[in-house]
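Residue-level structure breakdown
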Amino acid sequence: MKKATIFRLFGVLLLAFLIMLLSALYTFRAQALGESKQRAHIISELVRDTLTSYMVMGVMDRRDSFLNSIRELPGVKEIRVVRGEAVVKQYGYRWRWELPLDEVDKLVLRSGKPYTVLKEGISEVSYRIVIPYKAEPIKGVDCLSCHRVEPGETLGAISLTMDLSPVRNKSAKLLASLTIVFLITLGSVIFLVNHFMARITTFIKELSSALKSASEGNFTYELKIDPGYEASLLKRTMEESFSKLHKTLTSIEEKVRSLIGYGVLKTGNALSDTSKIVDELLNIYKFKRVIEKDRSKKDVYERIRSVLEDYMGLESFSIYEVDHGKGRISVVYVKGSDLWCKEVIFENADECRAKRSGADVDSKEFPCVCPNFRNNEACKEGKIHYYCTPVYVGGAVGNVLQIVYEQEIEPFINLVIPYIKGYLKEASPVLEARTYMDMLREQSLRDQLTGLYNRRFLEEAIDKITAQIRRRGTALGILMVDIDYFKQVNDTHGHDVGDRVLKEVARILLKSVRDSDVVVRFGGEEFMVLLVDVQVGKSEEVAEKIRRAVENHTIEVPGVVLKKTVSIGVAEFPHDSDRIWQCIKFADVALYKAKEMGRNRVVRFRPEFWQEESY
């Protein structure tokens, strides 16, 4: 019986090992092939984008060197650049391998769709991917400017073949290693089982009861039977392990409770209780990992909203953001009402009690404690309550979360508030980082001397501005403003005085236009003003208003009083041209006309100016 039992055990273990081994090999193979395919896709797209860049930059003579470096990459068996029929007709070909060599190349050129082939032979495994070039813009590159083809026509393809034989060889080595380890382990297990079988049969039954008790979360079960020396050691080890596990689970629960600031209802099952609190910690950890990859505060706020509304099920709450520079509070999200607070907090952030005190505000603990809650009458009647908690961002209150709830759900609110604080605690450093990123981006788009937008902002924003102008069917006034004889200021009074003049003129420009208009320091002493949604023909009037304002302004600096003038060139988009940068050039031409005509004047662009400029 003993030998039969051992052989049955051997057979079961062997079958289990084979299933596990096959599963491991399949998983390893699938993962390895997946990674290899992904690498092939990345290399193919890299080659396509790099060759496109070479063509745009006019350095296609580097192509062969680049392709040779790709061929030297581990696993790359073959890479070819296949030219389509249209490109061959236009430019010809240098090498025969630039023409389609097989049906796969021809299929990709005809269909314009990527094609992949996985070949598995006895001695070799390879993966081939063929991706097309199409005559369409790629990352801002217009293929149609160089190729005489129809939009969407296939120009050529990249054919990349990867050698995956090392992957299969690694699988074979893994199979051999696992087999050896298993046989050694199985032999050891059989020996030990056969050696102790007679002495521990009864002990195993009691041990089974102990394990059952442990599976139910009770680790205080005592093993009463002493089966002998070897099994006695196992008995003591099990008892010590159960005791340590019980202490460890209790310690984990206490530490996690301390870490996140709250616990879960204890049921007496140590495993279940610890699992629940760790699950909640894991949810918060996952939340943190997700928001750390979000690119903007808007995305982070949306995650917080989702936790509060979708996960926690809150029906009435507000999320506010504090602007310390302006001393104001703004609404990020409101649920359940148009506004839960009075408008005064939006003008003065210190009117918000939670922001000012930096502490939780609980109307249940102190009825109607905040005078700026919009519905304090209902609060006094006990119909609704509110709980506001500040979120510290960078050492100061950066956000305030306000929860509004009815009397009936108070127990639920008391339960979820500690959980919510756990999420907000993890969101705090991410919000701080995104705030700094926004500040840095804002600084990179502004001129440090005048505080006006710089040319980088213009280049990033001009397409959006013109698209809105086209959509609304309005006009965009373009004013090019240049300070007359500015070099004399620097030469005579020094650059500090020159900087003061630039700041004063920038301030006048901002004061002379609407908040919706855009003022840019275009370079040196030259500025650009974009008048958004201006009436056609009104740009010249605004320019004259600016000219008079500068002319009448006195600039006082130590030891001297200056008065400066400006010359302004005016154009309007799309009235003068439906291409914005040409309109900007027209305004610049009009500015130079103003300079030629004696300065301190406004000149509206006329078509003959451009003709003269062309000559």
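Everything here concerns the structure above.
In what follows, the accompanying structure is described. (Residues numbered from 1 in each chain as written. Predicted model: local features only at pLDDT ≥ 70, side-chain atom pairs only at ≥ 80, totals over all residues. Heavy atoms only, no water.)

This brings us to the overall build of the protein chain. A count of helices and strands for the protein chain gives 18 helices and 16 strands. Relative to its 615 residues, the protein chain shows a buried fraction of 42%. Considering only contacts in the protein chain between residues 6 or more positions apart, those separated by 24 or more positions represent 60%. (Helix = DSSP H or I, 4+ residues; strand = E, 2+ residues; numbered from the N terminus. Buried < 20%, exposed > 50% of the residue type's maximum accessible area, 1.4 Å probe, protein only. Contact = heavy atoms within 4.5 Å.)

This part takes up the pairing of strand S6 (residues 328-335). Taken together, the seven bridges between strand S5 (residues 317-323) and S6 define a ladder with antiparallel strand orientation. Paired with glutamate 321 across the bridge in S6 is serine 330. The turn joining S5 and S6, which pair antiparallel and follow one another in sequence, is formed by four residues; a positive phi near 65 degrees is taken by glycine 327. (Pairing = 2+ DSSP bridges.)

Here we come to the packing of aromatic side chains. For the structure shown, the criterion picks out nine aromatic pairs. With centroids separated by 6.3 Å and ring planes inclined at 0 degrees, the aromatic side chains of tryptophan 340 and phenylalanine 373 adopt a geometry described as stacked. In this pair, tryptophan 340 sits in the loop between S6 and helix H9 (344-347) while phenylalanine 373 sits in the loop between strand S7 (361-362) and helix H11 (376-380), placing the two residues 33 residues apart along the sequence. No difference in accessibility class separates tryptophan 340 from phenylalanine 373, as the two residues are buried. Each ring, one from tyrosine 453 and one from phenylalanine 457, has its centre 3.7 Å from the other, and the planes form 10 degrees; the classification is stacked. (Phe/Tyr/Trp six-rings, centres within 6.5 Å; stacked < 30°, edge-to-face > 60°.)

This paragraph deals with helix H17 (residues 580-596). Residues that lie three or four places apart on an α-helix share one face, since the helix turns once every 3.6 residues. Relative to the 24 Å expected for 17 residues at 1.5 Å per residue, H17 spans 25 Å between its end C-alpha atoms, a close match to the ideal helical length. The element H17 is largely enclosed, with a buried count of twelve among its 17 residues. Along H17, the residues classified as buried are Ile580, Cys583, Ile584, Phe586, Ala587, Asp588, Val589, Ala590, Leu591, Lys593, Ala594 and Lys595. (Expected span 1.5 Å × (residues − 1).)

Tracing the sequence through the fold places arginine 604 in strand S16 (residues 602-604). Taking the relative accessible area as the measure of exposure, arginine 604 reaches 18% and is therefore buried. Only 2.8 Å separates the side chain of arginine 604 from the side chain of aspartate 576, close enough to count as a polar contact. Once residues lying within four places of it in the same chain are set aside, the contact partners of arginine 604 are Glu540, Val570, Ala571, Glu572, His575, Asp576, Ala590 and Phe609. (Polar contact = N/O pair within 3.5 Å; in protein donor to acceptor, adjacent residues only side chain to side chain.)

With mixed pairing, five strands are arranged side by side in an open sheet as S11-S12-S10-S15-S16. Lying at the two open borders of the sheet, with one neighbouring strand each, are strand S11 (518-523) and S16. Sheet twist, expressed as the mean angle between neighbouring strand axes with direction ignored, is 20 degrees. With eight bridges connecting them, strand S10 (residues 475-483) and strand S12 (residues 526-534) associate as antiparallel partners. Note on S12: the bridge partner recorded for alanine 475 is valine 534. The strands that helix H15 (residues 495-512) touches are S10, S11 and S12; relative to S12, the one it contacts most, it runs at about 5 degrees. Docked against the sheet, H17 engages S10, S11, S12, strand S15 (566-573) and S16, running at close to 150 degrees with respect to S15. (Axes fitted to C-alpha atoms, helices over the stretch in contact; angles between N-to-C directions.)

Further remarks concern the packing of helix H14 (residues 486-493) against H15. Orientation of H14 relative to H15, taken along the N-to-C sense of each, is 145 degrees, at an axis distance of 7 Å. Residues Phe486, Val489, Asn490 and His493 of H14 form the contact with H15, whose participating residues are His495, Val497, Gly498, Val501 and Leu502. Tallied by class, residues from the contact of H14 with H15 come to five nonpolar, four polar and no charged. (Nonpolar A, V, L, I, M, F, W, Y, C, P; charged D, E, K, R; others polar.)

Within the structure shown, the criterion is met by 35 salt bridges. Of the charged contacts in the structure, one is a salt bridge between glutamate 309 and arginine 305, with a shortest N-O distance of 2.9 Å. Here glutamate 309 and its partner arginine 305 are both found in helix H8 (residues 297-311), four residues apart, which amounts to about one turn of the helix. A single burial state applies to glutamate 309 and to arginine 305, both of which are buried. Taking the shortest distance from any N to any O, the salt bridge between lysine 538 and glutamate 541 comes out at 3.5 Å. Assessed through its relative accessible area of 33%, lysine 538 is described here as partly exposed. (Salt bridge = Lys/Arg side-chain N within 4 Å of Asp/Glu carboxyl O.)

Regarding H14, the residues found buried are Phe486, Val489 and Asn490. For H14, the angular spread of buried residues about the axis comes to 90 degrees, placing them on one side. Those residues of H14 that are exposed and aimed more than 90 degrees away from the buried face are Lys487, Asp491 and Thr492. Elements in contact with the buried residues of H14: S10, H15 and strand S14 (560-562). Within two residues after H14, glycine 494 carries a phi angle of roughly 100 degrees, on the positive side. (Arc of directions from axis to C-beta.)

Here serine 363 is to be found in the loop between S7 and H11. Serine 363 gets classed as buried once you look at its relative accessible area, which sits at 2%. In contact with serine 363, not counting residues within four places along its chain, are Cys368, Val369, Cys379, His385 and Tyr386.

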